[in-house]
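Now for the letters of each chain:
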Amino acid sequence: MRTELIHLDREHPDREAIERAGRVIRRGGLCAFPTETVYGLGGDALNPEAARKIYAAKGRPSDNPLIVHIADPERLPAIAAVLPPAADKLMDAFWPGPLTIILPKKELVPDATSGGLPTVAVRMPADPVALQLIRASGGYIAAPSANASGRPSPTSAAHVMQDLSGRIEMVLDGGETEIGLESTIVDLTEEIPVVLRPGFINRDMLERVLGEVHLDPGLTDAGKDSGIRPKAPGMRYRHYAPSAPLYVIEGEEEAVIAKLKELALSAVRAGLRPGIIASDMTAPIYAGVLPEGKSLICAVGDRKEDRTIARNLFRTLREFDDGDVDVIYSEAFDTPQLGMAIMNRLLKAAGHQVIDAGGFFKHWEQ
Ligand code: AMP
Ligand code: MG
């Protein structure tokens, strides 16, 4: 199959192109599209055949449910069996936006979409292309991230083409995504709401709206050590992994810089080409000590503006695959606002290989 790539102006997308993409989805085909978080691989959420095609195109295990995207909150009651007050509060505060809620599902949602679970994950994205496409497609698009399973999530149409060209009908190119990390997922089927996946909407923001909010114990080190698995099936898999082994260096800033320098230099001495994920501030420090041309140093963003780190993280992980490195060392990004979401993705990419440089305080596990 030839994948058609269509460039769109994000604020004023061409109506005809959106209508054509909508027809692809209504006929049971697949079309990738931009959202404010990452690119999604869209199919008709109410058509089990389309859901099966999504799993096949991504190589995704079929017990890993898909998020249903809607463009109007009025479409929610048709697919959710119970709407607790917390759902209204979250929708008022954060929709359209990077927040997914889990609710008991209605019959209309096929098991193929919900991965056999009795619940459904729902989000209303903010991106105008996404909203118009959902409306043109019948109102319910199932869309996981549009990467091949296990690869970093795509933040541009080029990433989608790298992974899925020839496997899906169409890709809508709306430029680079704004947030760069997948949505926060909140489970509303428990008495106290539970964060199943951290994202741009952090726990503080949720607690201001809902009161007490729990963190899925399967996401924390303590939970892992006691063998508790994450409740969201997708959070159990290794993910986002670049092809070279990745280590995250944790600790107080000076200690991390010293440790990372030492590790990278000894890799070079051993004839290896190391990659380094640093902040805008620290990248020049490594460039100053490593012999030129023998390493790949990526400045991922500014710690004081941690949304820049979130936005660039997945692209940076992909760059190492193109950059031919043997081993990657990353600073930990324990920033106060998005540190929990950033570290969740980075540690998954690293398969939880952590090197402790000492003197560390974990903001994101609070
Ligand atoms: P992605 O579509 O790639 O952003 O991944 C969707 C994430 O949502 C995966 O981690 C899924 O396991 C999770 N998810 C989707 N539906 C549910 C559900 N009903 N209950 C729990 N987790 C879910
Ligand atoms: Mg994904």
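Throughout, residues of each chain are indexed from 1 in the direction in which the sequence is written. All chains are assigned letters beginning with A, and all ligands numbers beginning with 1, in the order in which they are written. Note on the predicted model: pLDDT of at least 70 is required for a residue's local features to be given, and 80 or more for side-chain atom pairs to be given and counted; whole-chain, interface and lining totals, by contrast, use all residues. For side-chain calculations, the full set of non-hydrogen atoms in the structure is used, while hydrogens and water are omitted.

Digging into the overall build of the chain
Short version of the rule: Comment: elements are numbered from the N terminus, with helices defined as DSSP H or I runs of at least four residues and strands as E runs of at least two. Here the radius of gyration uses the C-alpha set of atoms, whereas the globule reference equals 2.2 Å times the residue count to the power 0.38. The cut-offs for exposure are 20% and 50% of the maximum accessible area for each residue type, with area from a 1.4 Å probe on protein chains only; residues under the lower value are buried, those over the upper are exposed, and the others partly exposed. By definition, residues are in contact when any of their heavy atoms lie within 4.5 Å. Surface accessibility follows the Shrake-Rupley procedure with a 1.4 Å probe radius. Residue values consider only the protein chains on display as shielding. Just so you know, the count uses Lys and Arg for positive and Asp and Glu for negative, and it drops His and the chain ends. The atom standing in for a charge is NZ when the residue is Lys, CZ when it is Arg, CG when it is Asp and CD when it is Glu.
Along the backbone of the chain there are twelve helices and 16 strands. The C-alpha radius of gyration of the chain comes to 20 Å, within 12% of the 21 Å expected for a compact globule of 366 residues. Taken along the three principal axes of its C-alpha coordinates, the chain extends 60 × 45 × 35 Å. Considering the chain as a whole, with its 366 residues, one finds that 57% of them fall into the buried category. By sequence separation, contacts in the chain at least 24 residues apart represent 70% of the contacts at least 6 residues apart. Accessible surface computed for the chain: about 14800 Å², of which carbon and sulfur atoms make up 50%. Separation between the mean location of the 41 positive side-chain charges and that of the 51 negative ones in the chain comes to 5 Å.

Topic: the side chain of histidine 69
Applied cut-off: N or O atoms within 3.5 Å of each other form a polar contact, as long as, within protein, one can give a hydrogen and the other can take it, and as long as residues adjacent in sequence are counted only when both atoms are side-chain atoms.
Checked against the element boundaries, histidine 69 lands in strand β4 (residues 67-69). At 3.2 Å, the side chain of histidine 69 and the backbone oxygen of isoleucine 67 are in polar contact. Those residues in contact with histidine 69 that sit more than four places away from it in its chain are Arg123, Pro125, Ile134, Gly139, Tyr140, Ile141 and Ala143.

Here we look at the nonpolar core
Going by this rule: Definition of nonpolar core: a set of buried residues of the types Ala, Val, Leu, Ile, Met, Phe, Trp, Tyr and Cys, connected through side-chain atoms within 4.5 Å.
Formed by 104 residues in total, the largest nonpolar core has its most connected members in Ile101 and Leu172. The greatest single-element share of this core, amounting to seven residues, is contributed by helix α12 (residues 339-349). Not counting chain neighbours up to four residues away, the residues in contact with isoleucine 101 comprise Leu76, Ala87, Leu90, Met91, Trp95, Val120, Ala121, Val122, Val186 and Leu188. Counting residues in each nonpolar core, the second largest holds 15 residues, with Ile257, Tyr286, Leu290 and Tyr329 among its members.

Observations regarding the sheet that holds strand β6 (residues 119-123)
What counts, and what does not: Two strands pair if DSSP finds at least two bridges between them. The axes used here are C-alpha line fits, helices contributing only the stretch in contact, and every angle between their N-to-C directions lies in the interval 0 to 180 degrees.
The strand order across the open sheet formed by eleven strands is β1-β8-β2-β3-β7-β4-β6-β5-β9-β10-β11, and the pairing between neighbours is mixed. Across the chains shown, the open sheet's two edge strands, defined by having one partner strand only, are β1 (4-7) and β11 (214-215). Note that β4 and β6 share three bridges and pair parallel. Each bridged residue has a counterpart across the sheet, and for isoleucine 67 the counterpart in β6 is alanine 121. Most of the contacts of helix α2 (residues 48-58) go to strand β3 (residues 40-44), to which it runs at about 155 degrees, and overall it touches β3 and β7 (141-142). Across the sheet, helix α3 (residues 85-94) lies against β5 (99-104) and β9 (184-187), angled at about 160 degrees from β5, the strand it touches most.

A look at the site of ligand 1
Convention followed: Whether a residue is near a molecule or strand is decided by its heavy atoms; if any one of them lies within 4 Å of it, the residue is near. Residue polarity follows a fixed list, in which Ala, Val, Leu, Ile, Met, Phe, Trp, Tyr, Cys and Pro are nonpolar, Asp, Glu, Lys and Arg are charged, and the others, Gly among them, are polar.
The environment of ligand 1 is formed by 18 residues, the closest being Asn64, Thr119, Pro144, Arg197 and Gly234. Between an oxygen atom of ligand 1 and a main-chain N or O atom of glycine 234, the distance comes to 2.7 Å. If ligand 1 stood free it would expose 500 Å²; the protein chains cover 95% of that surface. Where the shell around ligand 1 is concerned, the elements lending two or more residues are β6 and β10 (194-197). Taken together, the residues that form the shell around ligand 1 break down as twelve nonpolar, four polar and two charged.

Structural notes on the sheet that holds strand β14 (residues 296-299)
Strands sit in the order β14-β13-β15-β12-β16 across an open sheet of five strands; the sheet is parallel. Looking along the sheet, the strands with just one partner apiece sit at the ends: β14 and β16 (354-356). Between one strand and the next, the sheet's axes are offset by a mean angle of 20 degrees, whatever the strand orientation. In the packing of helix α9 (residues 253-269) onto the sheet, the strands contacted are β12 (246-250), β13 (274-278), β15 (327-331) and β16, and the crossing angle to β15 comes to about 170 degrees.

Purely geometric stuff here, so don't read any function into it on its own.
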